Structure formats: structure tokens, C-alpha cells
Amino acid sequence: LTKESTPHHSCIFVGKDEKCVPKYACIRGTSTDFKGEAKGSDKRYGFVLPGRHGCTVLTAYESPIDAMSEATILIMQGYDPYLTTRISQGGLSLNAVEHYLKQHPEIKYVRVCYDNDEPGREAAEANMVYLKQKYPQLEEVSVGLPPRGMDYNSYLLSILQKEKTQKQKEKQR
């Protein structure tokens, strides 16, 4: 669930519990670089983009924007983005992932997609090892850093910029 706040027009990404009660809210500015969380947010309940019914794959991101950006990239490339459930953890902590795994025993594969910076890479590797050890029912845990750029949002923006530049060159011909 996504909402818009007033008067600042920030985007609010809501994480809900099993009864659809809002428990977490990630706030991102639309006209500023503001990033925050609503007071009292419970990080066990991340923002979730659900996969198709029976989905056995969970992909974890630091932020909702990155989850939506990678889904958008897949759509642009002709792939089905609903083959995985995407969860935003609100940072590098595994609270939301672990809570989700407890609620969804059907999950067999976890992909950790953090930012492509030193803290993100280190946390992704450490969390991958932790998940493999703590959840032996998982068949695979992997790291999925963006191929280029800081995160999946910057990667998406680079793809869009490349397409825009290419269209401008084609118009000039």
C-alpha cells in the first residue's frame, strides 16, 4: 500500500501485519531528499509487493523504491515481475525478512538485493550466510546486487536515460 502525505507530498510505503493492519511506514520525499519512518513503526512488517499465489521466492531490498525499480526493469525487459515476492526491510536489518519467513513457510529461495556500496555488499554477504544457517529449509540464498549503479533505482534511471539519449539521437538522423 502506498499513500501520499500532506502538506509535504511525501510518498508513504506501508507495511501491514497478517490482518492487514498498518504496522510500518517508510516515508520518502518527492520534491526533497527526505527519508524517514513514521513514529512507532515496527520493522518486522516491511513494505511488500506480493508475488503470484504460491510464489516460493522472496527478494529483500533496503527500500521500497529499489523493490519497485527492479520490478519495473523486469517489466521493461519483458519478464514477469510477479515470480518473486519483494520486501523492503527499511535498511539492512533482517527483521522484516525473518518475520515474513516465519509467516510463509512456502518460501524456498531468498535473494538479498542491497545497495552496491561497501555497507550494502558486506551486509548482503553476512545476511546471506546467516539466512543459510538459520533457515535450513531454504534451498538457496543468494545476493543480487544491481549490475551497475548504487542501487536498483539508480540502475533504472540509467536505463531510462540511455533510452532517452538513444531516442534523441534517432530523431536527429
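Details of the structure are given in the entry above.
Residues numbered from 1 in each chain as written. Predicted model: local features only at pLDDT ≥ 70, side-chain atom pairs only at ≥ 80, totals over all residues. Heavy atoms only, no water.

### Focus on the overall build of the chain
1) Next: Scanning the chain from N- to C-terminus turns up 4 helices and 9 strands.
2) Next: Going from N to C terminus, the chain has its helices and strands arranged as β-β-β-β-β-β-α-β-α-β-α-β-α.
3) Next: On C-alpha atoms alone, the chain measures out to a radius of gyration of 17 Å, which is about the 16 Å that the 2.2 N^0.38 rule sets for 173 residues.
4) Next: Across its three principal directions, the C-alpha atoms of the chain cover 55 × 40 × 35 Å.
5) Next: Expressed as a percentage of its 173 residues, the buried residues of the chain come to 41%.
6) Next: Sequence separation of at least 24 residues holds for 61% of the intrachain contacts in the chain that already meet a minimum separation of 6.
7) Next: Of the roughly 10100 Å² that the chain leaves accessible, carbon and sulfur atoms contribute 53%.
8) Next: With 24 positive and 22 negative side-chain charges, the chain shows a spacing of 4 Å between the two charge centroids. (Helix = DSSP H or I, 4+ residues; strand = E, 2+ residues; numbered from the N terminus. Rg over C-alpha atoms; globule rule 2.2 N^0.38 Å. Buried < 20%, exposed > 50% of the residue type's maximum accessible area, 1.4 Å probe, protein only. Contact = heavy atoms within 4.5 Å. Areas by Shrake-Rupley, 256 points an atom, 1.4 Å probe, with all protein chains shown as cover. Lys, Arg positive; Asp, Glu negative; His and termini not counted. Charge placed at Lys NZ, Arg CZ, Asp CG, Glu CD.)

### Focus on the pairing of strand S7 (residues 85-88)
1) Next: Covered by surrounding structure in S7 are Thr85 and Ile87 together with Arg86 and Ser88, the residues of both alternating faces.
2) Next: Strand direction decides the pairing type here: strand S6 (residues 57-61) and S7, joined by 4 bridges, are parallel. Bridging from a neighbouring strand, Ala60 pairs with Ile87 of S7.
3) Next: Assessed by its sense of winding, the connection that carries the chain from S6 through helix H1 (residues 64-76) to S7 is right-handed. (Pairing = 2+ DSSP bridges. Right-handed = clockwise from strand over helix to strand, strands pointing away.)

### Considerations on the packing of H1 against helix H4 (residues 152-172)
1) Next: Orientation of H1 relative to H4, taken along the N-to-C sense of each, is 40 degrees, at an axis distance of 7 Å. Classified by the interaxial angle, the pair formed by H1 and H4 is oblique. Both H1 and H4 take part in a crossing whose hand is left-handed. Facing Ile65, Asp66, Ser69, Glu70, Thr72, Ile73 and Met76 of H1, the residues of H4 in contact are Tyr152, Asn153, Tyr155, Leu156, Ile159, Leu160 and Glu163.
2) Next: Grouping the constituent residues of the contact of H1 with H4 by class yields 8 nonpolar, 3 polar and 3 charged. (Axes fitted to C-alpha atoms, helices over the stretch in contact; angles between N-to-C directions. Parallel < 35°, antiparallel > 145°, perpendicular 65-115°, else oblique. Left-handed = near helix turned anticlockwise from the far one by under 90°. Nonpolar A, V, L, I, M, F, W, Y, C, P; charged D, E, K, R; others polar.)

### Some points on the side chain of Asp115
1) Next: Structurally, Asp115 is set in the loop between strand S8 (109-113) and helix H3 (118-134).
2) Next: As a buried residue without a salt bridge, Asp115 has its nearest oppositely charged side chain in Lys35, at a separation of 6.7 Å.
3) Next: Residues within four places of Asp115 in sequence aside, it is in contact with Glu62, Asp66, Gly120, Arg121, Leu145, Met150 and Asp151. (Salt bridge = Lys/Arg side-chain N within 4 Å of Asp/Glu carboxyl O.)

Any functional reading would require information that these geometric values do not contain.
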